[in-house]
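# Examination of the molecular architecture
Below, each chain spelled out in residue letters.
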Amino acid sequence: MPSTVRLKPFQDIPGPKGHALAGLLPEFNADPLGFLMNGFQQHGDLVSYRFGPKVAIGKTILAAYHPDLVTRILMESERAFGRDTDGFRATHELVGKGLMTTEGPYWRARRHILQPLFTPKRVARYTELMAEEAERILVEHKQYEGQEIDLHQAMMRYSLRVVGRALFGGDMDDAEGDLHRLIPEANRGIMARTTQIPKLPLSLPTPTNRQFVRTRAGLYDLIDRVINRSGSAGSDHSADNIVSRLREARDPETGRALTEQEVRNEALLLFMAGHETTAMGLTFGLHQIGLHADVQQDIADEIRAHHASGAGAAAYAQNRDTLGRAALSEGLRLFPSVHMTERVANEDLDLNGYLVPKGTSVFLVPWVTHRHPEFWPDPERFDPRRFVGRHDRPRYAYFPFGGGPRVCIGEHFAMLASMVLLEALLRAYRITSHDERISMKVLNSIRPDSDVRTTFTLR
Ligand code: HEM
């Protein structure tokens, strides 16, 4: 409890009022991004939102938009701020216990096992596989050269294959139909469960609960089928995929191997965390590149000069100082696949001079912080040069991959996969985006809700 300073009361944190009965939930559900952005523009860097009715079961949630607050909350994760939020619990209910859905010693031991599989050096081993899959996408789209395609669908396919092969050693093309149904269902289920007030036990056979349980069974069934192909426990583990490495791993403290169920949960969580997020980063980033012919030409020239110097495609994809990489980073600034996340106060604490009681949830919203005008002049403008060279922004003015101890484990994998695709695509094609804006569906991440109309034209 912070005792030395006089803190302002929690109730004084500014925020929109909301309906006495419904609270702010209907407004939030109708347009989450607009709602949060409005809150920031009208009330500032720390905003209080009351969801649900004023009495009894209503709940007040804070949103911290300033990079200094973001730094504090992310860096103090696991101590002052924990992850035991409604969204976290809903994800746990759906996909079980694993790195992403636990805290404390269990999480730490898992992070110890998984982290070494995702270092830049380790993921560089997947460059060739990524290049093969990028080439496959180009070959498949050759017949549509000069015609309109759906960029979103192409990027989902690429990401599914790349993540599928790295995780399981084989692509998941035969699972694509089931995944198209199950992943949106899973996301809807997590969202519905997260915002359910009051929470009903899953054993109660309401239509929402029954659907949730069906989705869970479908996901387990699918992942079991895929996992069984990547070599069952005790068989040959020579394949360099993440599932086989998980089977070989030992708990650093106890020396124990993971059970097959634990391997399955981690694989499912990694797949869920990595597949759509990477596809969305590419879709939104390439859509912007397809709108900005000047930027696109500069990247294409950069790629050509790179090849002319005798360096290979892999070296370009792995280089962190290219305009191509800056453009993808700028895409993730404007369209962070994970538009918001949440923490919960583990103790009474001082936040911006207010007394915040233990148990309070705090939203962190890259979507809004990435548009904070103090750090991002003309925030809506797509300008990759913001990421070229040195800059004096605070570290957490930009956090598409989160930060602190729970930073995204797949960041290097996602950026490498995206760069490999970008290099292959812009080396061969000029891309044109036909719509100025992508209309979006916002669940636990952002995604297009209609075709992202794009044309690939041979250079
Ligand atoms: C552009 C692509 C991606 C984006 C934008 C992204 C974003 C994020 C963010 C924001 C977090 C932190 C959430 C929080 O702090 O609450 C996170 C965590 C995580 N991500 Fe990613 N991610 C991406 C790709 C991937 C990939 C490819 C994988 C794995 C194959 C992955 C696996 C994970 C895992 C396991 C966590 C949880 C880490 C932990 O809690 O210790 N992500 N991601």
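Starting afresh in each chain, residues are numbered from 1 along the sequence in its written order. A pLDDT threshold of at least 70 governs which residues receive local features in this predicted model, and a stricter bar of 80 or more applies before side-chain atom pairs are shown or counted, although totals over entire chains, interfaces and linings include all residues. Side-chain descriptors were evaluated using all non-hydrogen atoms of the structure, hydrogens and water having been removed beforehand.

### Focus on the overall build of the protein chain
Going by this rule: By definition, any uninterrupted DSSP run of H or I lasting at least four residues is a helix, any uninterrupted run of E lasting at least two residues is a strand, and each is numbered from the N terminus. Where accessible areas are quoted, they stem from the Shrake-Rupley method and a 1.4 Å probe; at the residue level, only the protein chains shown are allowed to cover. By the counting scheme adopted, Arg and Lys are positive, Glu and Asp are negative, and His together with the chain ends is not counted. All charge positions are set by atom: Lys at NZ, Arg at CZ, Asp at CG, Glu at CD.
A tally of regular secondary structure across the protein chain gives 17 helices and twelve strands. Its C-alpha atoms give the protein chain principal-axis dimensions of about 65 × 55 × 45 Å. Accessible surface computed for the protein chain: about 20000 Å², of which carbon and sulfur atoms make up 52%. In the protein chain, 57 positive and 57 negative side-chain charges are present, and the distance between their average locations comes to 4 Å.

### As for helix H7 (residues 127-142)
Helical geometry note: an α-helix holds 3.6 residues per turn, so side chains three or four residues apart project in the same direction. Just so we agree on the cut-off: For a helix, the expected span equals 1.5 Å multiplied by the number of residues minus one. Between buried and exposed lies partly exposed: a residue is buried under 20% and exposed over 50% of the maximum accessible area for its type, with that area taken using a 1.4 Å probe on protein chains only.
Its 16 residues give H7 an end-to-end C-alpha distance of 22 Å, which sits within 8% of 22 Å, the value for a rise of 1.5 Å per residue. Turning to H7, its buried residues number three or more, namely Thr127, Leu129, Met130, Glu133, Ala134, Ile137, Leu138 and His141.

### Brief notes about the sheet that holds strand E1 (residues 46-51)
Short version of the rule: DSSP calls a pair of strands paired once it identifies at least 2 bridges connecting them. Residue contacts are counted whenever heavy atoms from the two residues lie within 4.5 Å of one another. The axes are straight lines fitted to the C-alpha atoms, using for helices just the contacting stretch, and the angles between their N-to-C directions are given from 0 to 180°.
Ordered by their spatial adjacency, five strands build an open sheet running E1-E2-E8-E5-E3, and the pairing between neighbours is mixed. Taken across any chain shown, the strands that pair with only one partner, and hence form the sheet edges, are E1 and strand E3 (81-82). Alignment of strand E2 (residues 59-64) against strand E8 (residues 361-364), held across four bridges, turns out to be parallel. Residue pairing for E8: Ala63 is matched across the bridge by Phe363. Along the sheet, helix H3 (residues 67-75) contacts E1, E2, E3, strand E5 (341-345) and E8; its crossing angle with E8, the most-contacted strand, is approximately 120°.

### Considerations on the environment of Gln196
Within the secondary structure layout, Gln196 lies in the loop between helix H9 (176-194) and helix H10 (207-229). Sequence separation of Gln196 and Ser439 is 243 residues, and the distance between their C-alpha atoms is 26 Å.

### Structural notes on the pairing of E1
Of all the six residues making up E1, six are buried; the element is thus mostly covered by neighbouring parts of the structure. Here E1 shows no split at all, with Leu46, Ser48 and Arg50 on one side and Val47, Tyr49 and Phe51 on the other all buried.

### Comments concerning the nonpolar core
For clarity, the cut-off: To qualify as a nonpolar core, a set must consist of buried Ala, Val, Leu, Ile, Met, Phe, Trp, Tyr and Cys residues joined through side-chain atoms within 4.5 Å.
Judged by nonpolar contacts, the single largest core of 121 residues is most densely connected at Leu36, Met130, Tyr158, Phe168, Leu286 and Ile299. With 13 residues, helix H12 (residues 260-291) is the largest single contributor of residues to this core. Ranked by size, the runner-up nonpolar core spans 20 residues in total, among them Ala80, Ala345, Val356 and Phe399.

### Observations concerning the pattern of salt bridges
Inclusion rule: What makes a salt bridge here is a side-chain nitrogen of Lys or Arg within 4 Å of a carboxyl oxygen of Asp or Glu, nothing more.
If you walk through the whole model with that rule in mind, you get 36 salt bridges. Arg453 is the partner of Glu148 in a salt bridge, and the nearest nitrogen-oxygen pair spans 3.1 Å. Here the residue Glu148 occupies a position in strand E4 (residues 148-150), and Arg453 occupies one in strand E12 (residues 453-458), the gap between them amounting to 305 residues. On the basis of relative accessibility, which here comes to 47%, the residue Glu148 falls in the partly exposed class.

### Looking at the coordination of the iron atom of the ligand
The line we're drawing: Metal coordination here is assigned from N, O and S atoms located within 2.8 Å of the ion, or within 3.2 Å for Na, K and Ca; omission of water means that sites may look incomplete.
Exactly one protein atom donates to the iron atom of the ligand; that atom is Cys408 (SG), 2.3 Å from the metal. Considering the arrangement of structural elements, one finds Cys408 in the loop between helix H16 (366-369) and helix H17 (411-428).

Structural measurements only, silent on function.
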